[in-house]
Amino acid sequence: GENVEQHPSTLSVQEGDSAVIKCTYSDSASNYFPWYKQELGKRPQLIIDIRSNVGEKKDQRIAVTLNKTAKHFSLHITETQPEDSAVYFCAATSFTDKLIFGTGTRLQVFP
Amino acid sequence: DTEVTQTPKHLVMGMTNKKSLKCEQHMGHRAMYWYKQKAKKPPELMFVYSYEKLSINESVPSRFSPECPNSSLLNLHLHALQPEDSALYLCASSPSEGGYGYTFGSGTRLTVV
């Protein structure tokens, strides 16, 4: 089955700096890679996703890159703000299979 | 309506109690899920319903009993729980079974005393 590894487990940055979170997956059949943001005590919310036929996707300050050959994908947040502080989960799946989550990254943005 | 609604938001129950968690969506999604999330951990899949039929049971103890009365509703019946079952219970739905297009509910924070 699919296995997703996520690094780092914690990440502290100064406001305005960039943050990068990396994930690797094991199943070459996986073709959909969402990222979720979960604030303390709240639901996971989809912030960006990418399909395997695309190498990069950007939405304002957030971007995701995918390297299918190496089986890894990354979340990039530029110009970080205190409200970006949360736990971020990557996930991987094929469209017909279970969603497999990474272990999570706690991002802290200091003013 | 683009939301998944879960009730109650908080629940404290004793180990001999019987309680139910409820989940509702009106997005026409045909797959619904129960997840359990412990602090600082990713959501852990418990059950999947697809077209109102139980599709996946991730070897969950029988003290958790899911029910899908119709395509919009999902219940989780709880009985004889243990303190280690205390967690955030998340419901989710998606257009069809699989990992695409998930919408999570706000969750029920369950404490077993």
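Residues numbered from 1 in each chain as written. Chains lettered and ligands numbered in written order. Predicted model: local features only at pLDDT ≥ 70, side-chain atom pairs only at ≥ 80, totals over all residues. Heavy atoms only, no water.

**Student:** Lay out the state of the cysteines with the relevant residues and their values.
**Tutor:** Every disulfide links exactly two cysteines, by a covalent bond between their sulfur atoms. Evaluated as defined, the whole model comprises two disulfides over all chains. Residue pairing for A:C23: its cysteine sulfur links by disulfide to A:C90, the two sulfurs lying 2.0 Å apart. Judged by the torsion about the S-S bond (-100 degrees), the A:C23/A:C90 disulfide is left-handed. A residue pair is termed long-range when its members are at least 10 positions apart, and A:C23 in strand β3 (residues 19-25) and A:C90 in strand β9 (residues 86-92) qualify at 67 residues. Across this residue pair, the class does not change: A:C23 and A:C90 are buried. For the unlinked cysteine B:C68, the closest cysteine sulfur is that of B:C23, found at 9.3 Å. (Disulfide = S-S within 2.5 Å. Helix = DSSP H or I, 4+ residues; strand = E, 2+ residues; numbered from the N terminus. Buried < 20%, exposed > 50% of the residue type's maximum accessible area, 1.4 Å probe, protein only.)

**Student:** Which residues make up the side chain of A:Q38, and what values do they have?
**Tutor:** Of note, A:Q38 is situated in strand β4 (residues 32-38). Once you skip the residues sitting within four places of it in the chain, A:Q38 turns out to touch A:R43, A:P44, A:A86, A:V87, A:F89, B:Q37 and B:L88. (Contact = heavy atoms within 4.5 Å.)

**Student:** Describe the interface of chain B and chain A, naming the residues involved and giving the relevant values.
**Tutor:** With 23 residues of chain B at the contact, the number on the chain A side is 20 residues. Counting each side, the surface lost to burial between chain B and chain A is near 1,600 Å², with a carbon and sulfur contribution of 56%. Interface area lost by chain B to chain A is led by B:G99, B:Y100 and B:F104, which between them contribute 33%. A salt bridge links B:E58 to A:K98; the shortest N-O distance between them is 2.5 Å. Linking chain B with chain A are five residue pairs in polar contact (both at pLDDT 80 or more). Put simply, the parts of the chain that give the side of chain B that touches chain A at least two residues each are β4 (31-37) and β9 (87-94) of chain B. (Buried area = accessible area lost by both parts, 1.4 Å probe. Salt bridge = Lys/Arg side-chain N within 4 Å of Asp/Glu carboxyl O. Polar contact = N/O pair within 3.5 Å; in protein donor to acceptor, adjacent residues only side chain to side chain.)

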